[in-house]
Amino acid sequence: MNDEFKTLQRFDAGNGREVFFHSLPELETQGVGKISRLPISIRIVLESVLRNCDGKKVRGKDVEALASWDAKKPANEEIPFVVARIVLQDFTGVPLVVDLAAMRSAVKRLGGDPKIIEPLVSVDLVVDHSVQVDFFGSAEALRLNLEMEFKRNRERYQFLKWGQQAFKTFQLIPPGIGIVHQVNLEYLAKGVLSQKAEVGGQRSEIFYPDTLVGTDSHTTMINGLGVVGWGVGGIEAEAGMLGQPVYFLTPEVVGVHLSGRLKEGVTATDLVLHITQMLRAQKVVGKFVEFYGEGAASLPVPDRATIGNMSPEYGATIGYFPVDQESVNYLRATGRSDEQCAAFENYFRAQKMFGMPRQGEIDYSVDLGLDLGQVQPGVAGPKRPQDRINLPELAQTFRSLLQKPVKDGGYGKENVDPALKHLVQLNGSAPRDSDMPGIDPGEELNKAEMVTNRPTPDPAKDLKGADPFHHGESKIGHGSVLIAAITSCTNTSNPSVMLAAGLLAKKAVERGMRVDPAVKTSLAPGSRVVSDYLTKTGLQSYLDQLGFNLVGYGCTTCIGNSGPLHPKIEKAIHDYDLVAASVLSGNRNFEARVHQNIKANFLMSPPLVVAFALAGRVDLDLTKEPIGKDKSGKDTFLRDLWPTLKEVRDAMQSALTPEVFRKLYRDFADQNPKWNEIPSSTGDIYQWDEKSDYIHEPPFFKDFSMEVGKIQNIVGARALGIFGDSVTTDHISPAGAIKASSPAGQYLISRGIKPEDFNSYGSRRGNDLVMTRGTFANVRIKNLMVPGTEGGVTKYYGPAAGTAAATGGEQMSIYDAAMKYQKENVPLVILAGHEYGTGSSRDWAAKGTRLLGVKAVIAASFERIHRSNLVGMGVLPLQFPEGTNAPTLNLDGSEVFSITGLSDSIEPGKTVTLQIQRRNSERDSVPVRLRIDTPIEIDYYRHGGILQFVLRQLLASK
């Protein structure tokens, strides 16, 4: 037990239970900083630093430095943050467990004890990213999608079951339960935790705040409950699991004073989209954001969680709400015990951190204000979540973007009639002979009649004969809504907007309104609690009648698991080059994320998703134009369907009880029999199967030794890609569908796998052979080395002394070029613009980059997590000076690059030199900043990556 600063004190955890805590007020009494003026989020991190101060990983000067946090000029010091627990989802969790298994194999090869690779903190993995919307619009959709999920992911689930028995502190929540962040909010989070300790010779407990990191960027949803946590790469999370602190630079904290109240008709989704636009403009990237004031106090925890959830979209590390009575009430309402709730409240009162701060009580780096009464209904899109559009302006904005040139962010349809529609007939008679939904690729398509050979849906049929599509006649064109998805933990965790969607559906059904058959509708909540209250209130039946049947409990459309569109619709999109739309209650709408063929994607509240599904198009003003006609032929407007605040509140009071949460969050394995049917291997060492195309031993530790290499200059490098601004981790490492013509698709075909059995990139993240081929394979990525193209292509120029440069380069896939360069021992670089690596905390965006042979990424600016992941994989992040980038340097990829000034003595943030040799032998040099930001990252880079660093430390200590 550590108590260097003598801050250990007693407090009553409830019912006279006397326990201990490390008192921050006592630290202030000792003169170690003005702690009572610190932001609450900083205090919670400080408590961890104080409690874990052991003189080694966490030193006394770390405590003093953070306790003396300067709001206006935070110290340029790294904070060693030891978190209480770690949460994972399966797309990022599977490769993390693969890495742990590979580390155990490496330890065994070196003659060590494999069990030294063991998580030292609690780890919870929620399987939520694998369910796909193959079936929809039917009472059988949930069952059929779950069956398909287990069929596709059997190998992955067998592997996860091995991990569950191999690692002692690893809890797995099986498919069909919910989305990790909603499960975290409703069940996993405790607010305050404790550990057994001996104090003064007596057995007792020490209490401390619940803190965490997660391998998903939206881990910040838990900030709405007053829990400090954020997303990190799985690489960093693995280090945290194995005893390393999470290191980060002392942040600025932006205070956002909320005043007033939301107006009638304005939802929490409207609020978070407003905040996202506002804070993105304020450039809060890498900063903590803390909400406070009477407006913040007026928001219920689900609204706060919605705002915290979208922290990555506005760029902040966290979007934090301090603990107050509303936080305690939420814990109680969601089934936590009275004992837990009392400990939560009493702990924060003892730390003098209970209650929503008022203006002037806290010192913030920057203080912003927002009157909640000024927030308007809106949507965001069509390509970025920060591009908010007021609802009345959507039609005009879409029409303008339709005609605006592509280089200016538009769609370049200058000479089209936006009102033109194309007839599509969606009916037929015979299913294809396959286990997978869709149309036989060899089926003859009649373009004139657009008639498909498919049966009328029969829910009684088994999986093989089931029909996944709607039927009927439809007219589609630019702006047609083809996907309408109530999805994502961002909104499905919020009963107010979910019940509003149900109430709007009820009013629409009662008026005889229907959704066009071309619209793929789905409801995928993040928790079974949602289904419970929608069923209790009778609203699920109305959603069902509009096609919003339950399709699964998982992320689905929000992460690109939207499933296939009807093949005749996809053909129409392709034939007429349509800019069709999706509407979803998600948090991300980057290009090709939702669906590869849907180019315009709009984020909005669940009730607006239903409204736009009914309208069938986005090029209209729902505040003035009718959504459609009722059964009498009378125009129906949004105002006729929109539920009142009283209607929503009445529904909430009748539907939510703590008992429901307790019932649904227990005995997970028993509640999913299909999970129990999955067999798995046992033992401490995983037996790698070369026949598996889902799980493959990664090469990171194949030739591992205890020797550490030296940091050296990078000489004679070629460019693998030159990219513009806002290249996301979806562009770098897509999660969605695998094209048969792509290197990954061709590899799977060579392994005897049919395209219909490819599954997604996300599901194959346990296999480096697939994922390396999928790096930079997004169909919408634009490599400026090959102007006018989209997709993962580049130009191969050969070694520095070769002749390919003289011929202009040979066009080929990025993967094929990288493999040729590797054979020739040519190092590679990536050049990019601003916000490189924005989006999901996706390990494979860094892992794949490294395995392609990229030694450095030189960008105008980086997203926080991706920069960290690159360092964690031993790839050097470098930043151009302001105003400098590849276009201003007239780079086309034919150049030879060297990076000089690198050595074992380099320091964080140091300037090094990018040397450029052009085809005509002219030479230039540019100073670039080393974006290795902390001393510990220098160590990670020297060791070839964070996992190699940790493994050497573990082996050296045994």
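Since this is a predicted model, take the numbers as computed values, not measurements. (Residues numbered from 1 in each chain as written. Predicted model: local features only at pLDDT ≥ 70, side-chain atom pairs only at ≥ 80, totals over all residues. Heavy atoms only, no water.)

Quick notes on the overall build of the chain
- For the chain, the count of helices and strands is 33 helices and 34 strands.
- At 27 Å, the chain has a C-alpha radius of gyration in line with the 30 Å of a compact globule built from 958 residues.
- Expressed along its principal axes, the backbone C-alpha trace of the chain runs to roughly 80 × 75 × 55 Å.
- When each of the 958 residues of the chain is scored for burial, the buried share is 64%.
- Carbon and sulfur atoms provide 47% of the accessible area of the chain, an area that totals close to 33,800 Å².
- Charged side chains in the chain number 107 positive and 111 negative. The centres of these two groups are separated by 1 Å. (Helix = DSSP H or I, 4+ residues; strand = E, 2+ residues; numbered from the N terminus. Rg over C-alpha atoms; globule rule 2.2 N^0.38 Å. Buried < 20%, exposed > 50% of the residue type's maximum accessible area, 1.4 Å probe, protein only. Areas by Shrake-Rupley, 256 points an atom, 1.4 Å probe, with all protein chains shown as cover. Lys, Arg positive; Asp, Glu negative; His and termini not counted. Charge placed at Lys NZ, Arg CZ, Asp CG, Glu CD.)

Examining the packing of aromatic side chains
- The tally for this structure, following the rule as stated, stands at 28 aromatic pairs.
- Ring geometry for phenylalanine 159 versus tyrosine 686: centroids 4.8 Å apart, planes at 85 degrees, classification edge-to-face. Taken together, the residues phenylalanine 159 in helix α6 (residues 154-166) and tyrosine 686 in the loop between α25 (673-676) and β26 (714-722) connect sequence positions 527 residues apart.
- Seen in terms of ring centroids, tyrosine 347 and phenylalanine 348 are 5.5 Å apart; in terms of plane orientation they differ by 80 degrees. Their pairing is edge-to-face.
- Judged by its relative accessible area of 0%, tyrosine 347 is buried.
- Judged by its relative accessible area of 0%, phenylalanine 348 is buried.
- Taken together, the aromatic side chains of Phe11, Phe21, Phe207, Phe344, Tyr347 and Phe348 make up a single cluster linked through ring pairs.
- Between the NZ or CZ atom of lysine 383 and the centre of the ring of tyrosine 411, over which it lies, the distance is 4.9 Å. (Phe/Tyr/Trp six-rings, centres within 6.5 Å; stacked < 30°, edge-to-face > 60°. Lys NZ or Arg CZ within 6 Å of the ring centre and 35° of its normal.)

Some thoughts on the sheet that holds strand β1 (residues 8-12)
- Taken together, 4 strands build an open sheet; the order of strands is β1-β2-β8-β7 and the sheet is mixed. The sheet terminates laterally at β1 and β7 (192-199), the two strands that pair on one side only. Strand-to-strand twist of the sheet, defined as the mean angle between neighbouring strand axes without regard to direction, takes the value 40 degrees.
- As paired strands, β1 and strand β2 (residues 18-22) are joined by 5 bridges and run antiparallel to one another. When the sheet's bridge partners are listed, phenylalanine 11 is paired in β2 with valine 19. (Pairing = 2+ DSSP bridges. Axes fitted to C-alpha atoms, helices over the stretch in contact; angles between N-to-C directions.)

Details of the packing of helix α9 (residues 268-281) against helix α11 (residues 301-309)
- Remark: α9 packs on α11, axes separated minimally by 9 Å, with the N-to-C direction vectors making an angle of 35 degrees. Note on packing geometry: the crossing formed by α9 with α11 is right-handed. Two secondary-structure elements touch here, α9 through Ala268, Leu271, Val272 and Ile275 and α11 through Asp303, Thr306 and Ile307.
- In the contact of α9 with α11, the residues fall into 5 nonpolar, 1 polar and 1 charged. (Left-handed = near helix turned anticlockwise from the far one by under 90°. Contact = heavy atoms within 4.5 Å. Nonpolar A, V, L, I, M, F, W, Y, C, P; charged D, E, K, R; others polar.)

Some thoughts on the environment of leucine 146
- Summarising the element assignment, leucine 146 is placed in helix α5 (residues 141-152).
- Sequence-wise, leucine 146 and valine 926 are 780 residues apart; in three dimensions their C-alpha atoms are separated by 54 Å.
- Non-local contacts of leucine 146, meaning those with residues more than four positions away in its chain, are made with Asn672 and Lys674.

Quick word on the pattern of salt bridges
- Tallied over the entire structure, the rule returns 49 salt bridges.
- Note that aspartate 387 is salt-bridged to arginine 384, the shortest N-O span being 3.0 Å.
- On the basis of relative accessible area, aspartate 387 is assigned to the partly exposed category, the value being 26%.
- Under the relative-accessibility criterion, arginine 384 is labelled partly exposed at 31%.
- Overlapping salt bridges bring together Lys383, Glu591, Arg780, Lys782 and Glu790 as one network. (Salt bridge = Lys/Arg side-chain N within 4 Å of Asp/Glu carboxyl O.)

What to know about helix α32 (residues 935-942)
- Inspection of α32 places Ile936, Glu937, Ile938, Tyr940 and Tyr941 among the buried residues, and these make up the whole buried set.
- Next to the buried residues of α32 lie β3 (78-81), β11 (246-249), α31 (864-872), β31 (876-879) and α33 (946-957).

Considerations on the confidence of the model for the chain
- Scored by pLDDT, the chain comes out at a mean of 91, with 94% of its residues at no less than 70.
- Here residues 428-465 is a poorly scored stretch, pLDDT under 50, and it has 86 contacts once near neighbours within four places are set aside; other chains count. (pLDDT = per-residue confidence, 0-100.)

Structural notes on unusual backbone geometry
- Of note, the bond from glycine 381 into proline 382 is cis; its omega dihedral lies within 30 degrees of zero at 5 degrees.
- Residue position: proline 382 is located in the loop between β16 (378-380) and β17 (388-390).
- A positive phi angle, near 75 degrees, is found at serine 921, a position not held by glycine.
- When you line up the elements, serine 921 lands in the loop between β33 (911-917) and β34 (923-930).

Details of the pairing of strand β8 (residues 202-209)
- Of all 8 residues in β8, 6 are buried, a share of seventy percent or more.
- Relative to β8, β2 runs parallel, the two being bridged by 2 bridges. If you follow phenylalanine 21 over to β8, its bridge partner there is phenylalanine 207.
- In terms of strand pairing, β7 meets β8 through 8 bridges, oriented antiparallel. Opposite glutamine 195, over in β8, you have isoleucine 206 as the bridge partner.
- Linking β7 back to β8 in an antiparallel pair, the connection comprises 2 residues, with glycine 200 at a positive phi of about 60 degrees.

Overview of the sheet that holds strand β15 (residues 366-371)
- Strand order in the open sheet formed by 4 strands is β14-β13-β12-β15, and the pairing between neighbours is parallel. Taken across any chain shown, the strands that pair with only one partner, and hence form the sheet edges, are β14 (318-320) and β15. The mean angle between the axes of side-by-side strands here comes to 20 degrees, regardless of whether they run parallel or antiparallel.
- Direction of pairing for strand β13 (residues 288-292) relative to β14: parallel, over a ladder of 3 bridges. Looking across to β14, one finds that valine 289 is bridged to glycine 319.
- Strands in contact with helix α2 (residues 40-51) are β12 (253-259), β13 and β14; relative to β13, the strand with the most contacts, it is inclined by about 125 degrees.

So, the side chain of arginine 388
- Within the secondary structure layout, arginine 388 lies in strand β17.
- Put simply, arginine 388 is tucked away with no salt bridge, and the nearest opposite charge, on aspartate 270, sits 6.9 Å away.
- A polar contact is formed between the side chain of arginine 388 and the side chain of glutamine 277, at a distance of 3.1 Å.
- Not counting residues up to four positions away in its chain, the partners in contact with arginine 388 are Leu273, His274, Gln277, Gln376, Pro377, Gly378, Val379 and Ala380. (Polar contact = N/O pair within 3.5 Å; in protein donor to acceptor, adjacent residues only side chain to side chain.)

Considering helix α20 (residues 567-576)
- Those residues of α20 not exposed but buried are Pro567, Lys568, Ile569, Lys571, Ala572 and Ile573.
- Considering only its buried residues, α20 is in contact with β18 (421-426), β19 (472-477) and β20 (481-486).
- Aspartate 577, located one to two residues past α20, shows a positive phi value of around 50 degrees.

A few points about the environment of glycine 762
- Along the chain, the position of glycine 762 falls in the loop between α27 (743-750) and α28 (768-774).
- Note on glycine 762: relative accessible area 2%, which makes it buried.
- As for glycine 762 and aspartate 90, which are separated by 672 residues in sequence, their C-alpha atoms are 8.9 Å apart.
- Aside from chain neighbours lying at most four places away, what touches glycine 762 is Phe91, Arg156 and Ala735.

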